[in-house]
Amino acid sequence: MFYLFSTIQGYNLVYWNCWQNISITLPPTKLTHYIGTVLHKGQRYKISMAAITKIGMGPMTEQLSTYSACGNDVFLRGNETYDRIYSPHFSQGYYEPDVACHWTVSVPQGQRLKITFDSVNLGSGLCNYDFLKINGVNYCTPPSKYILSKTDTVTVIFYSTPGDGKKPGGFHLMAEVEARTIRKSIFPDNSPRNISVKTNIPGLFVVTWKPPEDRDQSTYKYRIKYRVYPEIVQQVVTLPSHPCGGNITVDGPGKITNLPSFGTYERDVICRWNFSGKDGKHLLFMITKLNLEPSSDCQNDFVAIGSAGRFCAQDQNGTTINTGENQMTVLFSSNMEDERTGFELQYNVL
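Residues numbered from 1 in each chain as written. Predicted model: local features only at pLDDT ≥ 70, side-chain atom pairs only at ≥ 80, totals over all residues. Heavy atoms only, no water.

*Asks:* For the pairing of strand β27 (residues 302–305), give the residues involved together with the corresponding values.
*Replies:* Burial along β27 is two-sided: F302 and A304 and V303 and I305, pointing in opposite directions, are all buried. Bridge analysis of β27 against strand β30 (residues 327–333) gives four bridges, and the strand direction is antiparallel. Looking at the pairing, V303 lines up with F332 of β30. As paired strands, β27 and strand β28 (residues 310–311) are joined by two bridges and run antiparallel to one another. By the bridge assignment for β28, A304 is matched with R310. (Buried < 20%, exposed > 50% of the residue type's maximum accessible area, 1.4 Å probe, protein only. Helix = DSSP H or I, 4+ residues; strand = E, 2+ residues; numbered from the N terminus. Pairing = 2+ DSSP bridges.)

See below:
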């Protein structure tokens, strides 16, 4: 061992990425070397080295492949705080090939994150090559709207495939604390209790359960998933916990509203009311409360009143609809995101 060390004249260190191939000679007493990567954040580097002896250079070591540092942990401490996340070299209008970056964004427990896509341009719309992954979902072009997290932590990963040169585009996100707290209904203690399956009826399985703990008076829908073997397709059935909608004969004033759930309406709901004016009288409606998820042309959550169309904007509160008809259908529809306090619709006849 002493003989081997005494014959070492130095070390040959070789490292390279898609832009450069560097070979340097180090003295035999130097056992540490720093490689600057600030200009190529997230870039994959390959590193190898060999010992130099009196008789020449020895064999190169097996290549070490690693990514340079890119991304960090971000903690947003309260309402109206935010941070921006962007791909390296975004301000220059390009990103590099063979890059991997990782961010973990957190907010105080009980709050959630709102992520807005200011710009996402990562090539193919299939997202099979270069992509942004947020909590397991790939993005290479901007989604139709912002993302609201279901927990207080979100993981953001950026990945680009190897290539020969700069790629036009990149991404720029804004992460901010959502003012509202996370709904209790997403926590494990809101799971149905005492689930059981009875199999003693020919041709049927009977599934029974109890509502979540201390939530017997709350509004719920239950989603049941089942699979019949050897079929591999999983079936999903959604069961409403309370009746929604109905047939109403109008002979005087009244009102309808969404069923509340922890102060907000339920997600993924369609309610239908069929109104008829008694003795052929014409129906009259007035929107007295309207707080739904806003969207262009009311494509997300809305109240639809016959031929009068859809309503979802708060400035439509107080709208009166004189239908001139004695039969009318009213629909309330909500999607899977951003539920609010809902609506109230008063009705009467003329």
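The structure having been displayed, the exposition proceeds.
*Asks:* How would you explain the packing of aromatic side chains if you had to name every residue and give the values?
*Replies:* One pass over the full model with this rule turns up nine aromatic pairs. Look at W103 and F171: their rings are 5.9 Å apart centre to centre, the planes differ by 90 degrees, and that puts the pair in the edge-to-face class. With W103 in strand β9 (residues 99–106) and F171 in strand β16 (residues 170–181), this residue pair connects regions lying 68 residues apart in the sequence. Residue W103 is classed as buried on the basis of its relative accessible area, which comes to 6%. When the centroid spacing of 5.1 Å and the interplanar angle of 80 degrees are considered together, the rings of F275 and F285 count as edge-to-face. Of this pair, F275 sits in strand β25 (residues 270–277) while F285 sits in strand β26 (residues 283–291), and the two are ten residues apart along the sequence. This pair shows no difference in class: F275 is buried, exactly as F285 is. Cluster of aromatic residues (ring-pair linked, three or more members): Y95, W103, F158 and F171. (Phe/Tyr/Trp six-rings, centres within 6.5 Å; stacked < 30°, edge-to-face > 60°.)

*Asks:* So what's going on with the sheet that holds strand β11 (residues 131–134)? Residues and values would help.
*Replies:* Across the sheet, five strands lie side by side as β6-β9-β14-β11-β12; this open sheet has mixed pairing. With partners counted over all chains shown, the strands left at the sheet margins are β6 (73–75) and β12 (137–139), one partner each. Strand-to-strand, the axes of this sheet are offset by a mean angle of 20 degrees, without reference to chain direction. (Axes fitted to C-alpha atoms, helices over the stretch in contact; angles between N-to-C directions.)

*Asks:* Describe in detail the state of the cysteines, supporting the description with residues and values.
*Replies:* In this structure the tally under the stated criterion is three disulfides. A disulfide bridge connects C298 with C312, and the sulfur atoms are separated by 2.2 Å. Linking C298 and C312, the disulfide has an S-S dihedral of approximately -85 degrees and is accordingly described as left-handed. Placement of the pair is C298 in the loop between β26 and β27 and C312 in the loop between β28 and β29 (320–322), with a sequence separation of 14 residues. Since its relative accessible area comes to 7%, C298 is described here as buried. (Disulfide = S-S within 2.5 Å.)

*Asks:* Describe in detail the pattern of salt bridges, supporting the description with residues and values.
*Replies:* Here the structure, examined in full by the defined rule, presents seven salt bridges. Notably, a salt bridge pairs R44 with D98, separated by 3.0 Å at the nearest N-O pair. Of the two residues, R44 is situated in strand β3 (residues 44–53) and D98 in the loop between β8 (94–95) and β9; the sequence distance between them amounts to 54 residues. Taking the shortest distance from any N to any O, the salt bridge between K281 and D251 comes out at 4.0 Å. Of the two residues, K281 sits in the loop between β25 and β26 while D251 sits in the loop between β21 (245–250) and β22 (254–257), which places them 30 residues apart along the sequence. On the basis of relative accessibility, which here comes to 32%, the residue K281 falls in the partly exposed class. Among the charged side chains, a salt-bridge network with shared partners connects D251, K278 and K281. (Salt bridge = Lys/Arg side-chain N within 4 Å of Asp/Glu carboxyl O.)

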